[in-house]
Amino acid sequence: MVDSGYVDAELLATSHATFGIDLIGPARRDKSWQAKTEGAFDFTAFRVDWDGQVVTCPNGAQTSSWVERPGPYGTPTIYAKFAKKSCKTCELKEKCTRGALRILTFQPQAVQEALNLARTLESNGTWQGLYQRRAGIEATMSQGVRAFGLRRARYRGLKKTSLQHACIGAAINLVRVVDWILEKPRWKDRLSQFAALRPVA
C-alpha cells in the first residue's frame, strides 16, 4: 500500500507479474477537460480494438491513424487520431473535443487496462475501506522516524543497517504493547504553539 507518488500505470501492470505484489494506491487521475465535465466523452467512452489498432468513438466513427512512439517522459505512448471530416460533421463534437479533431493519447494495452481497472476499483467503497490501512502505515513510519531515528543509519554497511531497522521495528512493537497494557490513549490531538496562546473559554 503506497501513496500516489509511488503509483504509475506501468508499475500497476508489472508489480504483480514480476514481483507477485498487488500495488494498492491512488492511481493518476485523467486530467483532460472531458473527464472533468459531466456528459463529456473521456477515454472510457471510446471502444479500443487493440488487435486491429482502431478506436471507435461514441458516434461510431473510427480513427484514421494509430501511431506508437515515445511520449513526453520516454514511455511508449499511442496516439490515435480521428479524421477531421468525421469530427467536423459530428453532432456530438461539443462533448468530445474543442479542436478540429479528436486525438486520443493512451498507453499500450496491458498498462492502459491496469490503469483503467485501478481507477474503476477506487470508485467503490471496498477499495476505500482497504486503503484506510495506509493511515496505520503512515503512523508507523512517522513514529519510527520521529521517536526512533529510523531515517538515520547509526552504522556502516547494509547488514548492520538492516539489523538496526529490525531492532527499531521490534522496539516500536514493544512500545505499543506497553501503551496498550497501560491503556494509554491511542490518539492525541496536536496543539500548535500559536493555538496554545488562545485563552480557554
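Quick summary incoming for the structure in this document. (Residues numbered from 1 in each chain as written. Predicted model: local features only at pLDDT ≥ 70, side-chain atom pairs only at ≥ 80, totals over all residues. Heavy atoms only, no water.)

Thoughts on the pattern of salt bridges
What counts here: We define a salt bridge as a contact between a side-chain nitrogen of Lys or Arg and a carboxyl oxygen of Asp or Glu at a distance within 4 Å. Elements are defined by DSSP. Helices are runs of H or I of four residues or more, strands are runs of E of two residues or more, and each kind is numbered from the N terminus. For each residue, the accessible area found with a 1.4 Å probe, counting protein chains only, is set against the maximum for its type, and the residue is called buried under 20%, exposed over 50%, and partly exposed in between.
Tallying each qualifying case throughout the model produces three salt bridges. One salt bridge in this structure joins R29 and E122, with 3.3 Å as the shortest N-O distance. Of this pair, R29 sits in the loop between α1 (9-19) and α2 (33-36) while E122 sits in helix α4 (residues 109-122), and the two are 93 residues apart along the sequence. Its relative accessible area of 12% is what places E122 among the buried residues. We note a salt bridge from E138 to R134, for which the minimum N-O separation is 2.7 Å. One end of the pair, E138, and the other, R134, are both in helix α6 (residues 133-148), four residues apart, so they sit about a helical turn from each other. Taking the relative accessible area as the measure of exposure, R134 reaches 14% and is therefore buried.

What about the pairing of strand β3 (residues 63-70)?
Note the following rule: Two strands pair if DSSP finds at least two bridges between them.
Across seven bridges, the pairing between β3 and strand β4 (residues 76-82) is antiparallel. Within the sheet, the bridge partner assigned to W66 lies in β4 and is A80. Where β3 hands over to β4, the hairpin turn is made up of five residues, of which G74 adopts a positive phi near 85 degrees.

Observations regarding the pairing of strand β5 (residues 103-106)
Burial along β5 is one-sided: L104 and F106 are buried, while I103 and T105, pointing the other way, are not. The pairing of β4 with β5 spans four bridges and is classified as antiparallel. Each bridged residue has a counterpart across the sheet, and for A80 the counterpart in β5 is L104.

Distances and angles like these do not, on their own, reveal function.
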